[in-house]
Amino acid sequence: NDIPSGFVTFLFTDIESSTKLAQEFPETLPAAVGKHHSIMHEAIESNNGFVFEITGDAFCCAFANGDDAVKAAVMAQKNLSTEKWDDAVIKIRIGIHSGNAEWNGSNYMGYITLARSQRVMSSAYGEQIIISNNTYELLKENFSDINQLAFSTSRNLPRDKAGGEVRNKNIRTNISFRDMGERRLKDLIHPVKLYQVVSAGLREDFPPLKTLDSRPNNLPVQLTNFIGREEELMHVKKLLNQTRLLTLIGPGGTGKTRVALQIAADILDNFANGVWFVELAGLSDSSLLSESIMKSMGIKEQPMRTFDETLCEYLKDKEALVVLDNCEHIIESCAKVSEMLLQSSPKLKIIATSRESLRINGEQTHQVSPLAFPDPNDNNSPEKLSQYESVRLFIERALSVDQRFRVNNDNAPALAQICFQLDGIPLAIELAAARINILSPEKICEKLSDRFKLLTGGKRTSLPRQQTLRALIDWSYDLLKEKEKLLFQRLSVFSGGWTMEAAEEICADEIIESYEMIDILTGLFDKSLVISKEVLGYNRFYMLESIRQYAKEKFSDDTEIIRKHFEYCARLVDYNKFRSGEMKQIDWINQIEADLNNIRLAIQWGTENDPEQVYDFINDITEYWEIKGYFSEGMLTCLKVLKAENMVTQINKAKVFHSAGLMAYGLGKMFEANKFVKDSLSIFRELNYLPGIANCLSLTGSIFNLSLTTTEEALKCYNEALIIVRELNMKEKTANLLYNMSFSHQREGKIDLALKNKKEALALYKEINDTCRISLTLASIGVFEFRLNNFQSAKTYSEESLSIAYILGDKYLISINLINLGCTYSGLKKHENALRLIEEAIIISKECGYKANLIPSLYYLGDILSKLGQFEKASTSFKESILTGLNLGIDFFLSENLYGLSVTYFKLSDFERSVKHLSFVKLILESSGDSYTNFVNKKE
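Anyway, here's the lowdown on the structure attached to this text. What you see is a predicted model; the values in this text were computed from it and never measured. (Residues numbered from 1 in each chain as written. Predicted model: local features only at pLDDT ≥ 70, side-chain atom pairs only at ≥ 80, totals over all residues. Heavy atoms only, no water.)

## Observations concerning the overall build of the chain
Counting its secondary structure elements, the chain contains 42 helices and 16 strands. Dimensions of the chain along its principal axes, counting C-alpha atoms only, are 100 × 85 × 55 Å. In the chain, which comprises 940 residues, the share counted as buried stands at 55%. If you take every contact in the chain between residues at least 6 apart in sequence, the share linking residues at least 24 apart comes to 68%. Of the accessible surface of the chain, which amounts to about 42400 Å², a share of 50% is contributed by carbon and sulfur atoms. Where the 108 positive side-chain charges of the chain centre and where its 124 negative ones centre are 3 Å apart. (Helix = DSSP H or I, 4+ residues; strand = E, 2+ residues; numbered from the N terminus. Buried < 20%, exposed > 50% of the residue type's maximum accessible area, 1.4 Å probe, protein only. Contact = heavy atoms within 4.5 Å. Areas by Shrake-Rupley, 256 points an atom, 1.4 Å probe, with all protein chains shown as cover. Lys, Arg positive; Asp, Glu negative; His and termini not counted. Charge placed at Lys NZ, Arg CZ, Asp CG, Glu CD.)

Right, dumping it as structure tokens:
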């Protein structure tokens with residue numbers, strides 16, 4: 001049958017007391033669950049149902065027709081009730097609800113409908129079937145007499161000792177529905193009418209439904225659905241089981257109140273004397289806290305007693321949960337009253353929401369995180385985006401203002417960017433989604449640069465601080481002490497976080513002294529304006545971007561603070577720390593990686609305010625860009641700096657030209673690379689700056705190596721550079737040149753000399769502990785071994801190189817080694833392994849812009865596909881490799897690709913094109929002096 005989609009009826013089940021059964025019957029329960037699964041599958045599938053998910057013992061099923069869902073539910077309950085269980089008796093609760101949901105090929109998109117289906121099921125007891133009003137109305141449309149529904153069993157029944165069936169499988173039974181009235185489900189939104197399914201053979205009498213009406217409470221009705229956070233809710237409930245005071249902390253707008261309300265609703269059944277919500281945001285007089293709690297709980301004042309005494313007396317033997325919402329502005333009173341109540345009421349539990357903890361004995365805190373959001377750099381399809389909680393929230397809120405809104409391939413990137421820029425903050429996302437009736441997602445995304453003007457217009461009934469993003473953060477800012485406000489402003493100079501040491505170095509002065517930094521920063525952390533996490537073994541502090549933008553607006557652009565930030569970043573990228581042995585290369589790389597956003601910000605400021613020093617800055621960080629393969633970013637940054645045309649020393653300008661050439665070379669843009677290196681070399685020769693001349697000659701040689709020219713010109717450049725660096729005793733540059741020269745010798749067919757060059761380079765890199773280039777050289781030797789058909793040796797070199805590359809986090813090296821290992825596995829006839837590795841290398845190369853790496857990757861992919869008999873796919877890969885090389889002006893692998901195409905065309909019986917491509921191969925080889933016969937023999 002087709003998978004139901006559009007308006008779907010969902011049937012959700014759950015085994016009652018499954019945890020208790022697991023504890024009492026650990027040995028026999030698995031067999032009982034197996035019987036349960038068999039019964040469920042039969043009931044669902046024999047009634048045209050589709051089981052789309054089984055989570056533990058819970059079934060999630062979909063039906064195109066509501067009556068099929070009801071018949072399946074009745075059949076399942078009857079068959080479970082008459083099953084012969086050994087000792088673990090399985091009883092299930094079933095909920096049925098109908099609504100809109102679309103099948104995307106792997107799951108259902110329709111969070112609201114699915115969530116409500118889950119809540120309907122959660123209201124039931126074992127052996128009970130509850131349906132929503134949506135499903136009931138659907139059944140009424142299909143049947144003039146709603147009680148004419150009938151079902152018949154159709155399962156293969158167990159047999160008695162005489163071989164007869166235990167019961168008649170052709171029984172037909174009418175089904176009716178008992179009105180359970182309007183009930184508030186635990187999703188807290190408006191009440192819904194529920195019905196119990198009644199049929200002969202089904203249990204009819206149950207306790208009151210597990211809805212909010214079953215226990216005393218004042219939990220407010222919510223106008224919107226609670227989105228996501230399934231794992232977080234489970235974690236918080238677990239924490240509450242272990243403590244009597246749980247404080248949910250976090251920045252404004254992250255959803256602390258909504259999380260607290262949802263938890264309170266979910267665990268309502270655990271509190272015989274109810275769950276009580278106390279809203280404190282509007283309470284300005286902290287002395288009235290106890291009175292406010294009493295009013296929320298409906299407790300009357302007692303003569304001759306204080307509010308505290310009355311409250312303690314009332315709660316002393318009560319099993320209740322109190323939710324104190326928004327405590328931060330009266331935090332001391334909340335702490336004192338909470339401690340008093342917990343001491344006098346042993347069965348009482350409290351959930352507090354605040355931007356800082358209460359700091360009393362027994363308190364457990366939980367940081368409420370923003371909603372999960374996508375990385376805008378990923379390939380975010382509409383289906384993939386729907387997995388993120390922040391996106392689901394945006395979609396639901398957008399639909400509430402414009403029912404025509406849909407996520408599609410065109411607006412998906414903007415939607416991902418919106419949720420990313422807003423850090424997954426629920427309130428900010430809701431305010432952004434409210435603009436969808438007048439702005440497209442693309443326009444909303446554009447206007448987020450001034451988010452405090454865009455993100456206004458919250459609900460008129462909301463608290464004032466919840467109506468705009470600015471007012472939300474104003475609320476927190478106004479509660480800060482003066483030095484906290486000043487440090488909060490200054491910390492906005494950081495982008496992407498900071499360490500304590502950085503804060504002390506940059507933000508301290510005569511007003512905020514270094515020794516005060518820990519206490520003031522801790523104050524901001526406690527008030528949830530600053531968050532922290534461990535990165536590479538160090539504790540780093542962050543602001544959510546919206547909070548940082550607010551702080552930046554408050555910041556007076558203190559030039560001294562900004563300059564200290566610039567100089568701090570310049571010291572971070574100083575490559576001489578590695579050259580002098582002050583720090584290891586991996587530590588230098590990790591240091592930059594952690595502060596990359598700060599460094600980018602510093603370069604931007606330096607370009608406008610200190611061009612001379614920013615040129616030095618660029619020349620240091622170029623080494624990092626090259627190691628990490630960040631060629632696109634490096635080239636764009638160099639161009640931006642050069643375009644500024646500031647007055648700087650010629651030597652610095654020449655160095656940046658060389659850096660731009662290196663980046664262009666890494667991107668395979670040989671024309672641009674050659675132009676930049678010529679400009680650089682011209683200046684260096686004029687200044688007679690030997691290290692710069694050597695660098696330019698080395699890069700020129702590498703450009704010649706990859707262009708349509710002979711190796712003679714490349715070697716001429718390399719040899720001239722080698723004389724210079726050896727005279728200057730520059731071991732790193734000597735190793736680089738030997739490594740580069742090996743490729744020229746390789747093209748000449750001087751394999752022994754090429755291998756000698758590489759091993760000399762490797763020894764020098766090990767001597768200076770250049771971890772990155774050790775990995776690069778090992779990878780290159782691995783390629784040599786592969787081409788000599790020494791596959792095991794090639795595998796050893798490549799795996800050693802790859803392990804270093806993963807430690808470095810160097811995607812460029814990782815991609816190279818994946819190619820090498822893929823080729824090696826192909827040589828070992830393990831083509832499936834080879835295919836997986838090469839495909840992974842292609843993904844990385846495309847994501848990171850390593851265009852030159854795509855040429856061999858695509859060629860080897862085509863070669864492997866051809867060996868696997870997938871000739872159409874192979875030809876596509878060969879063609880893509882050729883086009884990539886032509887666009888970059890690189891002729892490496894041209895002959896191999898053309899030969900590969902010739903083979904695939906032959907296998908596809910396209911003999912004319914096969915011969916044509918083979919003739920191209922012959923022509924290219926003969927024009928370059930290579931032997932066509934030797935080439936073909938190698939391929940054979």
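From this point on, the discussion continues.
## What about empty space enclosed by the protein?
Going through the model one piece at a time under the given rule, you end up with 3 cavities of 30 Å³ or more. The computed volume of the largest cavity comes to approximately 60 Å³. Forming the walls of the largest cavity are Glu-328, Arg-355, Glu-356, Ser-476, Leu-479 and Lys-527. Counted by class, the lining of the largest cavity contains 1 nonpolar, 1 polar and 4 charged residues. (1 Å grid on protein atoms, 1.4 Å probe; cavity = no way out; pocket = protein on both sides within 12 Å on 5 of 7 lines; lining within 4 Å. Points joined across faces, edges and corners; volume = space filled by probe spheres on them. Nonpolar A, V, L, I, M, F, W, Y, C, P; charged D, E, K, R; others polar.)

## Focus: the packing of helix α18 (residues 482-490) against helix α20 (residues 517-526)
One can describe the packing of α18 onto α20 by two numbers: an axis separation of 9 Å at closest approach and a directional angle of 85°. The angle between the axes of α18 and α20 places the two elements in the roughly perpendicular class. Residues Lys-483, Glu-484, Leu-487 and Phe-488 of α18 form the contact with α20, whose own contacting residues are Met-517, Ile-520, Leu-521, Gly-523 and Leu-524. Here the residues of the contact of α18 with α20 are counted per class, giving 6 nonpolar, 1 polar and 2 charged. (Axes fitted to C-alpha atoms, helices over the stretch in contact; angles between N-to-C directions. Parallel < 35°, antiparallel > 145°, perpendicular 65-115°, else oblique.)

## A short note on the sheet that holds strand β12 (residues 321-325)
Taken in spatial order, the 5 strands of this open sheet run β11-β12-β13-β10-β14, and their pairing is parallel. Each edge of the open sheet is held by one strand with a lone partner, namely β11 (275-279) and β14 (363-367). Here the average twist between neighbouring strands, direction ignored, is 20°. Where strand β10 (residues 245-249) lies against β14, 5 bridges are found, and the strand directions are parallel. (Pairing = 2+ DSSP bridges.)

## Quick notes on the nonpolar core
Counting 182 residues, the largest nonpolar core has Phe-394, Leu-487, Phe-488, Leu-491, Trp-498 and Phe-617 as its most contacted members. Ignoring sequence-local partners within four residues, the contact set of Leu-487 consists of Cys-507, Ile-512, Met-517, Ile-520, Leu-521 and Leu-524. Counting 37 residues, the second-largest nonpolar core is a separate cluster that includes Phe-59, Val-74, Ile-90 and Ile-94. (Core = buried A, V, L, I, M, F, W, Y, C linked by side-chain atoms within 4.5 Å.)

## Some details on helix α38 (residues 851-867)
With 17 residues, α38 ought to run about 24 Å at 1.5 Å a step, and its terminal C-alpha atoms sit 25 Å apart, in line with that. For α38, the buried fraction is high: 13 of the 17 residues fall into the buried class. Looking one or two places after α38, you find Gly-869, whose phi comes out positive at around 80°. (Expected span 1.5 Å × (residues − 1).)

## Observations regarding the packing of aromatic side chains
The full count for this structure, using the stated rule, is 31 aromatic pairs. On the numbers, 5.2 Å between centres and 80° between planes, the contact of Tyr-739 with Phe-743 is edge-to-face. Of this pair, Tyr-739 and Phe-743 both sit in helix α32 (residues 731-747), 4 residues apart, which is roughly one turn of that helix. Assessed through its relative accessible area of 10%, Tyr-739 is described here as buried. Taking relative accessible area as the criterion, Phe-743 reaches 27% and is therefore assigned partly exposed. Judged by centre distance (5.6 Å) and plane angle (35°), the ring pair of Tyr-859 and Phe-893 falls under tilted. In this pair, Tyr-859 sits in helix α38 while Phe-893 sits in the loop between α39 (871-888) and α40 (894-907), placing the two residues 34 residues apart along the sequence. Both residues of the pair, Tyr-859 and Phe-893, belong to the buried class. Ring pairs connect the aromatic residues Phe-10, Phe-12, Phe-50, Phe-52, Trp-103 and Tyr-108, which therefore count as one cluster. (Phe/Tyr/Trp six-rings, centres within 6.5 Å; stacked < 30°, edge-to-face > 60°.)

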